[in-house]
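# Breakdown of the fold
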Amino acid sequence: MKSHPRIGVRPVLDGRWGGTRENVENQTRRMAKAAAWLITESLRYSDGDPVECIISDECIGGSEEAARCAAQFERSNVCATLSVTPCWCYGSETFDMNPHTVKAVWGLNATERPGAVYLQAVLAAHAQRGLPAFSIYSRDVQEKDDEQISEDVREKILLFARCAVAVGEMRNKSYVNIGSVSMGIAGSHCDPLFFQKYLGIRDEWVDMTEVLRRMVLGIYDPEEFERALNWTRENCPEGFDPNTGKQLPEIVVRSRVVPKEKHWEFTIKHYMIVRDILFGNPRLAKIGWKEEALGRNGIAGGFQGQRMWSDWLPNADFVEAIMASTFDWNGPRQPTAFATENDTLNGVSMLLGTLVAQTAPCFHDVRTYWSPEAVERVTGCAPEGLAGGGFIHLINSGATALDATGASRDQSGEPVMKPFWKMNERDVAACLAATDWCPANTDSFRGGGYSSHFRTQAEMPVTMLRINLVDGVGPVMQLAEGSTAVLDDSMHAALDRRTDPSWPTTWFVPRTTGTGAFRDVYSVMSAWGANHAVTVYGHVGDRLITLCSMLRIPVSLHNIAEERIFRPHCWGAFGTTDLEAADLQACRAYGPLYK
């Protein structure tokens, strides 16, 4: 049975009986209902269900009613509260004191009934008590009986609610490490205190031998396996073989223990087992494996792969690519943040990105900055259009969500990446047709397997992001809004073959500002904090900034205009000129959400 995190709406009013309360009670409750309706009609959970709101059973005019509301919300899995009022109320007597809920207050901007005065008073109380809250207040004065939600208030309510639900969806879930540290990558060192204190997530560790155990003992659904194998044969054509013409060293030949003709069978079982480890599968209980049927309560995970696995067994590229895509042989379904090389920090970045964008998270190496001059030197032609100022080569070692092909289309026929509930048969077929599966390059994968091979074939708005851990600072977020770029075939081929052309490629152009880390594309590449990054569809940097402020993770690099930034009101106490420095100080002062 599903238990979604809810938004609790708190109708707050002046508690004085004898004419005052009676005059505003109905209006206050209508405000609450309007806000709840807006959220439910506009937003969805990551599983596609409409976001649920619960309204306090009674209006809150004092501490007794505030306590009753808190008790009601505790029974109802409320992760965030939105207090609404058209009038003056008693600040510290009515505010939400629960330290574990994310908070916002909407005060009606109408001079006859000073909801905005209460808003300022209660925000001062929140700041003084160490309980950050978001301020929602319209730019224009409204009439006291105007029940329309203005556009600027609407945008803030939805931005707050979307990000607050993301906080709730992570809480008490698990990040599942399958394996350990890959090739000394720092992000593969899972920091359980970071997950616990900042995200409310439990870490789970599963040895990679568990995948082999389940293969050997048949701990997977045999009927689904046959269906999946047929689907793969029909929809996953093999691409070119990068090993053609190679004289394989003896050590590589000796390392191949799974025959080539069995690689697809092995790979499909691998995917099914990894999925079942994270999420469980009731079918396993029916064939006698009750413990394995439970899963690990996962919301995200990663697979070590290199090198203890991929040096002798087929790689996990298919597993990682399909886990992160919005479909498999069972049809459209929710994508999973699942990290290559178990880079847990990129796995978290995938998770945060997909929670706010609700599209497939795409894992990348941040491989190369190509200046216009270097492109012209190598190809004989200068890049033009969007790519004219240079671009970044995003490419992963064989695994990226197939949605990144850009093959899906919206109602106007424009390329897009969609939430899974909007994916149709044509979209799925197009993403599959734009992808082939190259036999794994033995230079990287002695044990074989298959790598997803495509290039992003359309210009689309995307946001690149990455969480890093910095000693003395803690977690920090970097993000860059921009666009994918399309190069002509000859230019793409010339540049792509300088790395591994059997892997998936996206050419990315961040939006530059002419100053600081966004002075130009090279500056963005130079300032990036790790070898990996994630892209998600759309310009969602404002959502990520809001979400990070809820989690108390500072954003150290971004190209988001100031008017789009929405953080708790008390962040202004840490400075209003240098917002990045103020964000860092505020996050440091308040500490992680689950300290």
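Preceding block: the structure.
These notes cover the structure that comes with them. (Residues numbered from 1 in each chain as written. Predicted model: local features only at pLDDT ≥ 70, side-chain atom pairs only at ≥ 80, totals over all residues. Heavy atoms only, no water.)

When helices and strands are tallied, the chain shows 20 helices and 20 strands. Taking 595 residues into account, the globule formula puts the C-alpha radius of gyration at 25 Å, and the chain, at 26 Å, falls close to it. Along the first, second and third principal axes, the C-alpha atoms of the chain reach 90 × 65 × 50 Å. Just so you have it, the chain exposes about 23,700 Å², and 49% of that area is on carbon and sulfur atoms. The averaged location of the 73 negative side-chain charges in the chain is 4 Å from the averaged location of its 59 positive side-chain charges. (Helix = DSSP H or I, 4+ residues; strand = E, 2+ residues; numbered from the N terminus. Rg over C-alpha atoms; globule rule 2.2 N^0.38 Å. Areas by Shrake-Rupley, 256 points an atom, 1.4 Å probe, with all protein chains shown as cover. Lys, Arg positive; Asp, Glu negative; His and termini not counted. Charge placed at Lys NZ, Arg CZ, Asp CG, Glu CD.)

Cis geometry marks the peptide bond from Gln306 to Arg307; its omega dihedral reads 0°. One can find Arg307 in the loop between β8 (298–303) and α13 (317–324). Within the chain, Asn77 stands out as a residue other than glycine whose phi angle is a positive 55°. You can see Asn77 is positioned in the loop between α2 (63–74) and β3 (78–85). According to the relative accessible area criterion, Asn77 is partly exposed, its value standing at 35%. If you check the backbone angles, Asn342 has positive phi at about 45° while not being a glycine. Take Asn342: its relative accessible area is 0%, and that puts it in the buried class. (Buried < 20%, exposed > 50% of the residue type's maximum accessible area, 1.4 Å probe, protein only.)

The tally for this structure, following the rule as stated, stands at 20 aromatic pairs. On the basis of an interplanar angle of 45° and a centroid distance of 5.1 Å, the ring pair of Tyr175 and Phe195 is categorised as tilted. With a gap of 20 residues between them, Tyr175 in strand β6 (residues 174–178) and Phe195 in helix α6 (residues 192–199) connect regions that are remote in the sequence. Accessibility assignment for this pair places Tyr175 and Phe195 in one class, buried. On the numbers, 6.0 Å between centres and 50° between planes, the contact of Phe266 with Trp309 is tilted. Of this pair, Phe266 sits in helix α10 (residues 263–279) while Trp309 sits in the loop between β8 and α13, and the two are 43 residues apart along the sequence. Both residues of the pair, Phe266 and Trp309, belong to the buried class. Here a set of aromatic residues connected by ring pairs shows up, and it is made of Trp231, Trp264, Tyr271, Phe318, Trp329, Trp437 and Tyr450. (Phe/Tyr/Trp six-rings, centres within 6.5 Å; stacked < 30°, edge-to-face > 60°.)

On to α6. For α6, the complete set of buried residues consists of Phe194, Phe195, Tyr198 and Leu199. Projected down its long axis, α6 shows its buried positions confined to an angular sector of 100°, all on one face. For α6, the N-terminal capping position is held by Asp191, with its side-chain oxygen 3.1 Å away from the main-chain nitrogen of Leu193. One or two steps after α6, the chain reaches Gly200, where phi turns positive at roughly 70°. (Arc of directions from axis to C-beta. Polar contact = N/O pair within 3.5 Å; in protein donor to acceptor, adjacent residues only side chain to side chain.)

Right, let's get into the sheet that holds β8. The 4 strands are arranged β7-β6-β8-β11 in an open sheet whose pairing can be described as parallel. Two strands in the sheet have a free side with no partner beyond their single neighbour: β7 (202–206) and β11 (337–340). On average, each strand axis in the sheet is tilted by 20° relative to the strand beside it, whichever way the strands run. Both β6 and β7 contribute to a ladder of 5 bridges, which runs parallel. The residue of β7 that forms the bridge with Ile178 is Val206. (Pairing = 2+ DSSP bridges. Axes fitted to C-alpha atoms, helices over the stretch in contact; angles between N-to-C directions.)

Our focus in this paragraph is the environment of Glu376. In this structure, Glu376 sits in helix α15 (residues 372–379). Sequence separation of Glu376 and Met491 is 115 residues, and the distance between their C-alpha atoms is 9.3 Å. The residues touching Glu376, leaving out its near neighbours within four places in the chain, are Cys381 and Ala382. (Contact = heavy atoms within 4.5 Å.)

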